[in-house]
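# Survey of secondary and tertiary structure
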Amino acid sequence: YKQSAESIRKRVETRITNNSYKISEETRRKQSEAHIGIKQSEESKRKKSESLKGRRSPSKDKSCPEETRQKISEKLKGIPKKPFSDEHKRKLSKASKGKKQSKESIEKNRQSHLGIELSEERRRKISESLTGRKLSADHIQKVRNANKGRIPWNKGVPCTEEKRQKISEKLKGKQGNRKGTKQTEEAKIKISEAGKGRIPWNKGRKDEMTKEASRKLVEFNKVNTYRRICFGEDESTIKEHIKNGVGSRKIAKMFNVSTTPILRIRKEMITRGELNV
């Protein structure tokens, strides 16, 4: 005697509805071990898919209680996740191609990630995974087209003094990622070609600069050029003398220069907090 598929389906649904279809942990473990290593044939998968078509899930339109979510979360903690195989990743990528999220879905995803702070370990992993990654020309063009006409989120938002101070404190002592690197001749040619015909941002704005600002800029450029020519690598030695309390005139005599660049270095050290007055 064999029961029909419809009869089995009704019986199972009745048990699920009445909450009487409970399996013990021992039975679950045995079922799990019995199915390890078993691979279904394509024919079996097709038959199962056909039998489930049109069937309404008992949990559809039912929200999961917070208590149940908490239990699931606690149970899964500490269990390492198996990494996806390359074949599985390829299938996931193929299945996701062409799909576009709705604006509502994007907004919900954005709201769910607000306020989440990434740990240093996770930041490091993300950085390592993206290091050396090169985007194709087609991808760059798509990003450019997608961003055309989009207004930046921070346009018109003034940067507060507190925020400036935080940025300054965070960047102190950090070395620029381009420091010490030299551009190749090919890169220089590309930059030169890209800039040809481009109108400078400050063209025609000479009248807007006050005489005092112009005078300070000229003086600053003169002093810095003078420092580069006269001191070079000796500037670190001058800073050490200043820290040790040696006077500006004495240092100027040591290097056979005027006191103006020495005073400029001293002022910069005070501003950066390298020298306590």
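Scroll up to find the structure.
All of the points below concern the structure found in this document. (Residues numbered from 1 in each chain as written. Predicted model: local features only at pLDDT ≥ 70, side-chain atom pairs only at ≥ 80, totals over all residues. Heavy atoms only, no water.)

### Examining the overall build of the chain
Put simply, the test is: Helix and strand labels come from DSSP, where a helix needs a run of H or I of at least four residues and a strand needs a run of E of at least two; each type is numbered from the N terminus. Think of it in three bands: residues with accessible area under 20% of the maximum for their type are buried, residues over 50% are exposed, and the middle band is partly exposed, with areas taken using a 1.4 Å probe on protein chains only. Between two residues, a contact is recorded if the distance between any of their heavy atoms is within 4.5 Å. Each accessible area value is a Shrake-Rupley result obtained with a 1.4 Å probe; residue values ignore everything except the protein chains displayed when judging cover.
Within the chain, the regular secondary structure consists of 14 helices and 0 strands. When the elements of the chain are put in sequence order from the N terminus, they spell out α-α-α-α-α-α-α-α-α-α-α-α-α-α. Put simply, the chain has 277 residues, and 6% of those count as buried. Nonlocal contacts in the chain, meaning residues at least 24 apart in sequence, comprise 50% of its contacts between residues at least 6 apart. Surface exposure of the chain reaches about 26400 Å², of which carbon and sulfur atoms provide 53%.

### Comments concerning the nonpolar core
For clarity, the threshold we go by: Grouping buried Ala, Val, Leu, Ile, Met, Phe, Trp, Tyr and Cys residues that are joined through side-chain atoms within 4.5 Å yields what is termed a nonpolar core.
In this structure, I238, I242, V246, I251, A252, V257, I262, I265, M269 and L275 together form the largest nonpolar core, which totals 10 residues. Secondary structure elements with two or more residues in this core: α12 (235-243), α13 (248-255) and α14 (259-272). For this core, the leading source of residues is α14, giving 3 residues.

### Here we look at the packing of α13 against α14
Short version of the rule: Here an angle of 0 to 180 degrees is reported between the N-to-C directions of two axes, which are lines fitted to C-alpha atoms, with helices fitted over the stretch in contact. Convention used here: angles under 35 degrees read as roughly parallel, angles over 145 as roughly antiparallel, angles from 65 to 115 as roughly perpendicular, and any remaining angle as oblique. For any helix crossing, the convention is left-handed if the near helix is rotated counterclockwise from the far helix by under a right angle, and right-handed if that rotation is clockwise.
Packing of α13 against α14 leaves a shortest axis separation of 9 Å and a crossing angle of 125 degrees. In terms of axis orientation, α13 runs oblique to α14. Crossing of α13 over α14 shows right-handed handedness. Residue-level inspection shows S248, R249, I251 and A252 of α13 in contact with α14, the latter providing T259, I262, L263 and R266.

### Section: the packing of α12 against α13
Axes are the key here: two packed helices are described by the angle between their axes and the distance separating the axes. Definition in use: Amino acids are sorted into nonpolar (Ala, Val, Leu, Ile, Met, Phe, Trp, Tyr, Cys and Pro), charged (Asp, Glu, Lys and Arg) and polar (every other residue, Gly among them).
Between α12 and α13, whose axes approach to 10 Å, the crossing angle comes to 150 degrees. With respect to α13, the element α12 is oriented roughly antiparallel. Relative to α13, the crossing made by α12 is right-handed. Residues I238, H241 and I242 of α12 form the contact with α13, whose own contacting residues are I251, M254 and F255. Tallied by class, residues from the contact of α12 with α13 come to 5 nonpolar, 1 polar and no charged.

### Observations concerning a nonpolar patch on the surface
This is how the line gets drawn: In this scheme, patches are assembled from residues that exceed 30% relative accessible area and form no salt bridge. Like charges are connected within 9 Å, while nonpolar side chains (Val, Leu, Ile, Met, Phe, Trp, Tyr) are connected within 5 Å. Here, a salt bridge means any side-chain nitrogen of Lys or Arg that lies within 4 Å of a carboxyl oxygen of Asp or Glu.
A cluster of nonpolar side chains, namely I116, L118, I126 and L130, defines an oily patch on the protein surface of about 320 Å² accessible area. Position of L118 relative to the elements: it lies in the loop between α6 (103-113) and α7 (120-130).

### So, the side chain of S248
Mapped onto the fold, S248 is located in helix α13. Taking the relative accessible area as the measure of exposure, S248 reaches 12% and is therefore buried. Filtering out sequence-adjacent residues up to four positions away, S248 remains in contact with T259, I262, L263 and R266.

### Remarks on the pattern of salt bridges
Counting across every chain of the model gives 18 salt bridges. Across the pair E50 and K53 runs a salt bridge, and its minimum N-O distance is 3.4 Å. Looking at E50, the relative accessible area reads 43%, which means it is partly exposed. One salt bridge connects R124 with E128, and the closest N-O pair in it is separated by 2.6 Å.

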